[in-house]
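Listed below, chain by chain, are the residues.
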Amino acid sequence: MKEAYLLSSSNTDSKGLGKRMLQLTSKEVQEEISMDDAHPYKRDCQTLSITDLPDECLNRVYESLKSSTDRSSFGLVLFLCLNPHFKYLDMMQSLIISPPFPRLTSVRLVDTNITDKGIDSLTKCCPSLEKVDLTKSNHITDSGISFLLQNCHKLGSLSITDCERVTGTGFLGCPKTLTEVSAYGKQELTTEGIKAIVSGGGLQSLYLSGNTVNDEAVIAISKGCPLLKVLRLKSCNEVQLEGWKAIGLHCRHLKALYLVECLKLCHVGLQALCNGCNQLSYFFTDTCRVFAIDLFTRERRNVRLL
């Protein structure tokens with residue numbers, strides 16, 4: 001059995017969590033899945049409403065699997081889909097604690113019930129994870145993020161978008177392999193949390209939003225991410241002149257800058273960005289006046305405005 005699964009449920013449970021999606025991908029099958037995505041009929045064959053299946057059906061599937069690897073794989077899928085509402089706890093324990101999944105590199109968990117304890121169990125089984133998407137997994141806290149970073153030393157990309165209970169402090173001491181973090185949406189990042197996110201020093205792409213992103217946080221980002229190439233800030237209305245100056249001064253490798261609904265980006269701040277960021281190739285803003293944008297364009301003809 002290939003270590004790749006795509007399962008989703010359109011049901012809404014008693015807590016109103018709505019649609020839940022799980023995707024597990026190994027390097028060997030990422031290209032194959034990408035090709036399958038071009039054919040709608042193939043995608044339909046990869047979709048299963050597992051939470052509606054009766055016990056008898058799940059047991060039948062389990063009993064039909066021949067090898068221990070296949071049974072462990074099936075157990076991991078059930079573990080992730082049903083956590084934390086286990087109906088098969090005894091079977092889960094016997095399956096999940098068995099062989100690890102060393103080739104599994106990508107896990108996408110969207111709007112799931114998985115908890116910090118579930119993240120700990122998952123990452124101990126899958127220590128080679130390189131890309132994890134926890135979007136809208138609202139049971140996750142900073143403890144879960146800490147487990148993930150401790151257990152997966154090759155992690156390169158992590159999304160905590162709309163993880164409402166994450167402040168960012170769980171990133172403290174993150175590995176330098178972590179090159180991309182997405183934290184758009186409703187999560188309540190703190191300044192200390194943002195400092196923890198950049199503590200590894202290896203970030204190349206960073207996506208943040210919200211008024212908790214202020215001058216102090218942006219200064220920490222600009223100084224703590226010497227390799228930063230892509231920065232997206234949305235609705236960061238507490239970032240003012242000092243923050244824009246810091247980006248222009250310290251983000252020397254920045255190639256793409258997206259400033260969406262950042263209302264306190266004034267023409268002086270825009271000039272500070274223009275005077276720095278020497279490798280900038282792409283720039284987007286929707287808040288500055290036309291004359292300021294025109295001035296930026298004349299001075300930085302090599303920068304493409306999006």
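The residue numbers shown here count from 1 along each chain, following its written sequence. Where local features are concerned, this predicted model is filtered to residues with pLDDT of at least 70; where side-chain atom pairs are given and counted, the filter is 80 or more; whole-chain, interface and lining totals use all residues. Derived side-chain values reflect all non-hydrogen atoms in the structure, with water molecules and hydrogen atoms excluded from consideration.

1. Details of the side chain of Asn151
Piece 1. Secondary structure elements are defined from DSSP: runs of H or I of at least 4 residues count as helices, runs of E of at least 2 residues count as strands, and each element is numbered from the N terminus. For Asn151, the position within the fold is in helix α7 (residues 142–151).
Piece 2. Engagement of the side chain of Asn151 in a polar contact is seen with the side chain of Asp120, the distance being 3.0 Å.
Piece 3. Note on contacts: a residue pair is in contact if any heavy atoms of the two residues lie within 4.5 Å. When sequence neighbours within four positions are dropped, the list of residues in contact with Asn151 reads Asp120, Thr123, Lys124 and Pro127. Residues adjacent in sequence count toward polar contacts only when both atoms are side-chain atoms; beyond that, a polar contact is any pair of N or O atoms within 3.5 Å, and within protein one must be able to donate a hydrogen and the other to accept it.

2. Let's talk about the packing of aromatic side chains
Piece 1. Aromatic rings from Phe, Tyr and Trp, taking only the six-membered ring of Trp, are treated as a pair when their centres fall within 6.5 Å; an angle between ring planes under 30 degrees marks them as stacked, one over 60 as edge-to-face, and anything in between as tilted. Taken as a whole, this structure holds 2 aromatic pairs when the rule is applied.
Piece 2. Relative to Tyr207, the ring of Tyr184 has its centre 6.5 Å away and its plane inclined at 85°; by these criteria the two rings are edge-to-face. Within this pair, whereas Tyr184 is found in the loop between β6 (180–183) and α8 (191–197), its partner Tyr207 is found in strand β7 (residues 205–209), the two being separated by 23 residues in sequence.
Piece 3. When the ring of Phe283 is compared with that of Phe296, the centres are 5.0 Å apart and the planes differ by 25°; the resulting orientation is stacked. With Phe283 in strand β10 (residues 282–285) and Phe296 in helix α12 (residues 290–299), this residue pair connects regions lying 13 residues apart in the sequence.
Piece 4. Three labels apply to residues, based on accessible area from a 1.4 Å probe with only protein chains included: buried if under 20% of the type maximum, exposed if over 50%, partly exposed otherwise in between. Residue Phe283 is classed as buried on the basis of its relative accessible area of 2%.
Piece 5. Exposure remark for Phe296: the relative accessible area of 3% places this residue in the buried category.

3. Digging into the packing of helix α10 (residues 241–250) against helix α11 (residues 267–275)
Piece 1. Where α10 contacts α11, the axes come no closer than 7 Å and their chain directions differ by 10°. Comparing their axes, α11 and α10 come out roughly parallel. Handedness of the α10/α11 crossing: right-handed. Each of Leu241, Trp244, Lys245, Ile247 and Gly248 in α10 lies in contact with α11, whose residues at this interface are Val268, Gly269, Ala272 and Leu273.
Piece 2. Amino acids are sorted into nonpolar (Ala, Val, Leu, Ile, Met, Phe, Trp, Tyr, Cys and Pro), charged (Asp, Glu, Lys and Arg) and polar (every other residue, Gly among them). Tallied by class, the residues present in the contact of α10 with α11 amount to 6 nonpolar, 2 polar and 1 charged. What counts as an axis is a line fitted to C-alpha atoms, over the stretch in contact for a helix, and the angles between N-to-C directions run from 0 to 180 degrees. Should an angle fall under 35 degrees it is called roughly parallel, over 145 degrees roughly antiparallel, and 65 to 115 degrees roughly perpendicular, with every other angle called oblique. Should the near helix be turned counterclockwise from the far one by less than a right angle, the crossing is left-handed, whereas a clockwise turn marks it as right-handed.

4. Side note on the state of the cysteines
Piece 1. Note on terminology: pairs of cysteine sulfur atoms within 2.5 Å are recorded as disulfides. Applying the stated criterion across every chain, the model contains 0 disulfides.
Piece 2. In this structure Cys266 is a free cysteine whose sulfur lies 7.4 Å from that of Cys288, the closest cysteine sulfur available.
Piece 3. A residue is classified by how much of its surface remains accessible, and Cys266, at 33% relative accessible area, is partly exposed.

5. Re the side chain of Asp133
Piece 1. Inspection of the secondary structure puts Asp133 in strand β4 (residues 131–133).
Piece 2. Separated by 3.5 Å, the side chains of Asp133 and Arg108 make a polar contact.
Piece 3. Within polar-contact distance, the side chain of Asp133 engages the side chain of Ser159 at 3.5 Å.
Piece 4. Filtering out sequence-adjacent residues up to four positions away, Asp133 remains in contact with Val107, Arg108, Leu109, Val110 and Ser159.

6. A few points about the pattern of salt bridges
Piece 1. When a carboxyl oxygen of Asp or Glu is within 4 Å of a side-chain nitrogen of Lys or Arg, the pair counts as a salt bridge. This model, assessed by the stated rule, comprises 4 salt bridges.
Piece 2. For Asp133, the salt bridge goes to Arg108, with nearest N and O atoms at 3.5 Å. One end of the pair, Asp133, is in strand β4; the other, Arg108, is in strand β3 (residues 104–110), with 25 residues separating them in the sequence.
Piece 3. On the basis of relative accessible area, Asp133 is assigned to the buried category, the value being 18%.
Piece 4. Arg108 sits in the partly exposed class, given a relative accessible area of 31%.
Piece 5. The salt bridge involving Glu192 is made with Lys195; its shortest N-O contact spans 3.6 Å. Note that Glu192 and Lys195 are positioned in helix α8 at a spacing of 3 residues, about one turn of the helix.
Piece 6. By sharing partners, the salt bridges in this structure join Glu192, Lys195 and Glu216 into a single network.

7. A look at the nonpolar core
Piece 1. Working definition of a nonpolar core: buried Ala, Val, Leu, Ile, Met, Phe, Trp, Tyr and Cys residues. They are joined through side-chain atoms within 4.5 Å. Membership of the largest hydrophobic core comes to 64 residues, with the highest contact counts inside it found for Leu134, Leu158, Phe171 and Leu233.
Piece 2. Once residues lying within four places of it in the same chain are set aside, the contact partners of Leu158 are Val132, Leu134, Ile145, Leu148, Phe171, Leu178, Glu180, Val181 and Ser182.

8. Quick look at α11
Piece 1. Buried residues of α11: Gly269, Leu270, Ala272, Leu273 and Cys274, and no others.
Piece 2. Summarising the contacts, the buried residues of α11 are in contact with α10, β9 (256–260), β10 and α12.
Piece 3. Remark: Cys277 follows α11 within two positions and exhibits a positive phi of approximately 45°.

9. Some remarks on the pairing of β6
Working note: regular strand, side chains alternate between the two faces of the sheet.
Piece 1. Bridge count between strand β5 (residues 157–159) and β6: 3 bridges; the pairing is parallel. Its bridge partner being in β6, Leu158 is matched across the sheet by Val181. In short, DSSP must find at least two bridges between two strands for them to pair.

10. Remarks on the environment of Phe101
Piece 1. The residue Phe101 is located in the loop between α5 (89–96) and β3 in this model.
Piece 2. For Phe101, a relative accessible area of 6% gives the class buried.
Piece 3. With 21 residues separating them in the primary sequence, Phe101 and Leu122 have C-alpha atoms 9.6 Å apart.

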